[in-house]
Amino acid sequence: MIKEIEDDNEPWDLVLEPRNKWYSLGLSQILRFKDLLFLFVRRDFVSIYKQTILGPIWFFIQPIITAFTYAIIFGTLAGISTEGLPPILFYMCGITLWNYFSDTLSKTSDTFTANASIFGKVYFPRMIVPLSVVLSNLIKFGVQFLLFIVVWIYYLITDTTIHPNLTLLLVPFLIILMGFLGLGLGIIITSLTTKYRDLKFLVTFGIQLLMYASPIVFPLSMVSEKYPQYKFILLANPITGIIEAFKYAFLGVGEFNWLYLSYSFLFTVVLFFVGLIVFNKVEKSFMDTV
Amino acid sequence: MSKVVLKAINVSKQYRLGQLGTGTISHDLNRWWHKARGKDDPYLQIGDTNDRSAKGGSDYVWSLKDINFEVKQGDVLGIIGKNGAGKSTLLKILSQVTSATTGKVKIRGRIAALLEVGTGFHPELTGRENIFLNGAILGMTKPEIASKFDEIVSFSGVEKYIDTPVKRYSSGMMVRLGFAVAAHLEPEILIIDEVLAVGDAEFQKKCMGKIKNVAGEGRTVLFVSHNMQAMSSICKTGILLKNGLIDEQSDITTCIKKYNGLFSESFIGTTSIKDRLNRAQSSGNVLFSNIQGFSKEKKTWDFRFDEEINFQCDCDVRDNSDGLLFYMALIDPLSNEVLTNIKLLVKENALNKGEKISFTITIPPKTLRIGQFLLYFAIGDAKQTRWYDVVDNNVNLPTLNITPVDMDPHSNSGKFSIPYKLTINN
């Protein structure tokens, strides 16, 4: 008995229990493993284009070709309005930000299943993996964003239809919001798919569907004019507010609205915290069901 | 008194058997419904003990049940048990890979696990990059790895390839690099699982030396292996797990002895050679149907030192075969082969399907030393081209016990017992 008392006088460094407190998010653990976080980012970045000749140039090629394709299909063939803007610029603006979201979402949404072999062997805060995805996608986004800026400046000089404005100050905030939205949704999906894989089938085409429910290839104003009865779908989508604000900042068109943006912000915050709680709950024992 | 650095309190782990499918969702809903009303989880009340050979009635099984133990600073604890006794589950809980169903584990200091070397190696990255990545996965910080980098590289012995992607490495080189990183991990508590089964002899020796050093530095080590020789040379204390329960918790020698004894125990209790579980898997033309030890007086597996030892083997010929060769080996409790010279041609000529063969091997008295031996029986064709059947302690063969006849203090030591004779010359 005396020994027992002695033992508990000195504090334990770590107590493993069947369940974490839902609010303990393990931030201190994440800080301890921050080197791992950056090494994962580096690994993702370096390993993608190993043994390719063009290397990181693929980062540029991808959005350019997509923008051209959209310009031909949606702009020329389908004749969807780009609000009087050069189609390439209009599509690149939406695609660049959208890609950041969709890449983050699709890669974080299989965190548990894709990393099961590492997770089964060694412990580190599981959150490191989705966080590293957000960061490495941020780098990729940064590169593509740079490309967009170059194109944007070109049109800014040659074209008079573009009216950038002070909303530009919001851009970093919009980018962060988009990242957290993808992350939040991704970790919820990965947590729900460890035991029942059904949801996984939904992710790939769900992302595609979501793109058409966001004002990427068409302006929100077009929906307001032609199909006001369907506008609620776009407004319910938190991405709409972010994309419209982004387009408005750079191009001066679109329906920028503080109400829409506040909704996107609140939605993201709630989604992210729900995601954290679910993820936190699942990471403890997912190895038994994955 | 050294302080306790790890303490497990009532640790239990439940697993669900069978596949996850639509049936599980009803259990999940039921569980959730109980929880919502503030009641206990209904499925925690049930569950069989963990005995893989007996078919249980429940879909749930307790892989570990009420495990309690303490580890003091500087202890080197060996965890032993048969396959499926719960060793790996315990390690997984301790290393935080999964969590216990109920119970708590308290830990002082950093804990790191070495369940498999080279975890997280990325094939496209170079050896250098992978050292940093792997080190970080195991919980080292970048400056820590950088300061030990040269040591790690020279320990691994792959200097030449350090800037080559690891996908070009041989599997042996990969393992060397992985172990080198892990060996330079310096947590207060280190968990090691069977990593020694890899690499060539020279490298294995290096690894064992390193593990011994780690233990010598006063760090705490938890070690799991089936290699009893390694166990007994490294560990001081031991835990023997059996069907998810702690069967023995004392010094390592006692645990190893009891571990080897487990095989004879399960034989008496449950299956005979004839009904053994893996029988369907043996495709041999001739199979053992029974093996029985006997002395002049009775059927037994315990013999006095001065008794003649006999084994009667009965075999069924299941398909025509080319003669019959018998081979037998004796293995000591630390898994070293002691005797391998018994090889006899039982039948030279072809055997017909349906025949029954019975023969007896006799070992003269005073030839085996005092102690326990594991037995290994095999039968094959006359030309030794293939084996038909093998029976050893994995299929519930009892251990052979040789007991002393007098109080000779030397009877427990030594390796050989050979016939000798004394001639007095004057």
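The rules behind each value
- Residues numbered from 1 in each chain as written.
- Chains lettered and ligands numbered in written order.
- Predicted model: local features only at pLDDT ≥ 70, side-chain atom pairs only at ≥ 80, totals over all residues.
- Heavy atoms only, no water.
- Helix = DSSP H or I, 4+ residues; strand = E, 2+ residues; numbered from the N terminus.
- Buried < 20%, exposed > 50% of the residue type's maximum accessible area, 1.4 Å probe, protein only.
- Contact = heavy atoms within 4.5 Å.
- Areas by Shrake-Rupley, 256 points an atom, 1.4 Å probe, with all protein chains shown as cover.
- Lys, Arg positive; Asp, Glu negative; His and termini not counted.
- Charge placed at Lys NZ, Arg CZ, Asp CG, Glu CD.
- Buried area = accessible area lost by both parts, 1.4 Å probe.
- Salt bridge = Lys/Arg side-chain N within 4 Å of Asp/Glu carboxyl O.
- Polar contact = N/O pair within 3.5 Å; in protein donor to acceptor, adjacent residues only side chain to side chain.
- Pairing = 2+ DSSP bridges.
- Axes fitted to C-alpha atoms, helices over the stretch in contact; angles between N-to-C directions.
- Parallel < 35°, antiparallel > 145°, perpendicular 65-115°, else oblique.
- Left-handed = near helix turned anticlockwise from the far one by under 90°.
- Nonpolar A, V, L, I, M, F, W, Y, C, P; charged D, E, K, R; others polar.

Undergrad: I tried to follow the overall build of chain A on my own but got confused; where do I start?
TA: Across its full length, chain A carries 14 helices and 1 strand. In terms of its C-alpha atoms, chain A occupies a principal-axis envelope of roughly 85 × 50 × 40 Å. Residues counted as buried form 49% of the 290 residues belonging to chain A. Look at the contacts in chain A between residues 6 or more apart in sequence, and 81% of them connect residues 24 or more apart. A total of about 14,000 Å² of accessible surface is found on chain A, and carbon and sulfur atoms cover 70% of it. Averaged over its 20 positive side-chain charges, chain A has a centre that lies 6 Å from the centre of its 19 negative ones.

Undergrad: Can you help me understand the interface of chain B and chain A in this one?
TA: A common way to express how large an interface is: the accessible area buried when the components associate. Residue-level contacts link 56 residues of chain B with 42 residues of chain A. Summed over both sides, the interface between chain B and chain A buries roughly 4,200 Å², with carbon and sulfur atoms accounting for 56% of that surface. Considering only the surface of chain B that becomes buried against chain A, Gln-96, Val-97 and Arg-108 of chain B emerge as the three largest contributors, covering 15% of it. Residue Glu-129 of chain B pairs with Arg-42 of chain A through a salt bridge whose shortest N-O separation is 2.8 Å. Counting across the chain B and chain A interface gives 3 residue pairs in polar contact (both at pLDDT 80 or more). By the bridge criterion, 3 bridges tie strand β1 (residues 14-16) of chain A to strand β5 (residues 102-107) of chain B in an arrangement that is antiparallel. From the neighbouring strand, Val-15 of chain A faces β5 of chain B, where its bridge partner is Lys-106 of chain B.

Undergrad: Is there a simple way to explain the packing of helix α5 (residues 87-108) of chain A against helix α13 (residues 238-251) of chain A in this structure?
TA: The relative placement of two packed helices is expressed as an angle between their axes plus a distance between the axes. Residue and element names in this part refer to chain A. Interaxial distance between α5 and α13 falls to 10 Å at its minimum, and their mutual angle equals 140°. By the angle between their axes, α5 is oblique relative to α13. Pair α5 / α13 crosses with right-handed handedness. Residues Leu-89, Phe-90, Cys-93, Gly-94, Leu-97, Trp-98 and Phe-101 of α5 touch α13, and the partners they reach there are Ile-239, Ile-242, Ile-243, Phe-246, Lys-247 and Leu-251. Per-class residue counts for the contact of α5 with α13 are 11 nonpolar, 1 polar and 1 charged.

Undergrad: Is there a simple way to think about the sheet that holds strand β13 (residues 309-317) of chain B in this case?
TA: The strands that make up a sheet pair up through hydrogen bonds in the backbone, lying either parallel or antiparallel. Residues and elements named next belong to chain B. Ordered in space as β11-β13-β16, the 3 strands form an open sheet in which the pairing is antiparallel. Each of the sheet's edge strands pairs with one partner strand only, and the pair in question is β11 (286-294) and β16 (356-363). Within the sheet, the average angular offset between the axes of one strand and its neighbour, ignoring direction, is 20°. Pairing analysis gives 8 bridges linking β11 to β13, with the strands arranged antiparallel. Residue pairing in the sheet places Gln-292 in a bridge with Gln-312 of β13.

Undergrad: What is the right way to read the sheet that holds strand β10 (residues 245-251) of chain B from this model?
TA: All names here are of chain B. Within the open sheet, the 6 strands sit side by side as β6-β7-β8-β4-β9-β10. Their pairing is mixed. Strands at the two margins of the open sheet, each flanked by one partner only, are β6 (111-114) and β10. With direction set aside, neighbouring strand axes in the sheet form an average angle of 15°.

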